[in-house]
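Residue-level listing of the chains:
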Amino acid sequence: MKKILLILILLYSNSTICQNTIELIAYDCIKDRESNRDISEIKFEILTKHKVISQTTKSKFDLFRLQTSANEVKIEYHNIYNQKKDTTFLITPKTQKLFLCIEKMKDYEIKTFIEKSLEENKNWKLKLSGGSCFVYTDTEIKIIPNKNGAILKYKYVEERNGKKIKEKKVIKLDKNDLDNLIMFEKKLRLLNSAMRRCGPGTYYYLSLGNETIEIKDETCVGIFEEYISKIIERNN
């Protein structure tokens, strides 16, 4: 009897020792892990066995800590585009934080305007406008297919304190650029149903031939900087 009792005590002690207390953090992965977001934004659910240690989601300093003895933690959550995602984290004795990337898109099947542009030899066009009290920007981008692939034409006008700054560029696109721009368009199309997190919004007008889609971005997620700006900066 004493032997059985000792075994039970050891098993209980081991399970207690193996308990990990972990903080769950939402962040913008385009930027860095220091760009924390409200964990309450992402509507998450932990699917594996756990115990909630602390939870405050009423301010921007919200916090969620859990305790688990599992080797992995599976979490279901909504990204910035309101898509439901699930992810699994492997847990080690040193694990203290789990980071959930809020703008990681769940890829989906759609025939983008860019793909149609390349197939049908039609120009893809994107107009962008938005601003604040002091700065107003007006940007136009075209993807023009040719026999060697495609080129990107970029036109930018900024009005700052009554002065206009203009810039034009022509950039040759490779396959990797086009693949990234297809992903950009997929994310762009999700913005109308995405979370509202800032204002004023940025407006995008996406066109192919006579078809135009209007998109309003109030996420502050920065997909223009993630995709288009990188291509432009690379060719400066």
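Conventions we followed
Residues numbered from 1 in each chain as written. Predicted model: local features only at pLDDT ≥ 70, side-chain atom pairs only at ≥ 80, totals over all residues. Heavy atoms only, no water. Helix = DSSP H or I, 4+ residues; strand = E, 2+ residues; numbered from the N terminus. Buried < 20%, exposed > 50% of the residue type's maximum accessible area, 1.4 Å probe, protein only. Contact = heavy atoms within 4.5 Å. Areas by Shrake-Rupley, 256 points an atom, 1.4 Å probe, with all protein chains shown as cover. Polar contact = N/O pair within 3.5 Å; in protein donor to acceptor, adjacent residues only side chain to side chain. Salt bridge = Lys/Arg side-chain N within 4 Å of Asp/Glu carboxyl O.

Enquirer: How should I be thinking about the overall build of the protein in this particular structure?
Expert: Broken down by element type, the protein carries 4 helices and 14 strands. In the protein, which comprises 236 residues, the share counted as buried stands at 39%. Considering only residue pairs separated by 6 or more positions, the protein has 53% of its internal contacts joining residues 24 or more positions apart. Surface summary for the protein: the accessible area is close to 14700 Å², and the carbon and sulfur share equals 50%.

Enquirer: I'm lost on the environment of Glu-120 in this one. Help?
Expert: In this fold, Glu-120 is placed in helix H2 (residues 113–120). Linking Glu-120 and Pro-145, residues 25 residues apart in sequence, is a C-alpha distance of 8.9 Å. A distance of 3.3 Å separates the side chain of Glu-120 from the side chain of Lys-122, its partner in a polar contact.

Enquirer: Would you explain the pattern of salt bridges in this entry?
Expert: Note that side chains of opposite charge can pair when their charged atoms are close. The tally for this structure, following the rule as stated, stands at 10 salt bridges. We note a salt bridge from Lys-187 to Glu-226, for which the minimum N-O separation is 3.4 Å. Of this pair, Lys-187 sits in helix H3 (residues 175–190) while Glu-226 sits in helix H4 (residues 223–234); the two residues are 39 residues apart in sequence, bridging distant segments of the chain. Between Lys-216 and Glu-218 there is a salt bridge, and its shortest N-O distance comes to 3.5 Å. For Lys-216, a relative accessible area of 30% gives the class partly exposed. For Glu-218, a relative accessible area of 16% translates into the label buried. When salt bridges that share partners are traced, they join Arg-196, Lys-216 and Glu-218 into one network.

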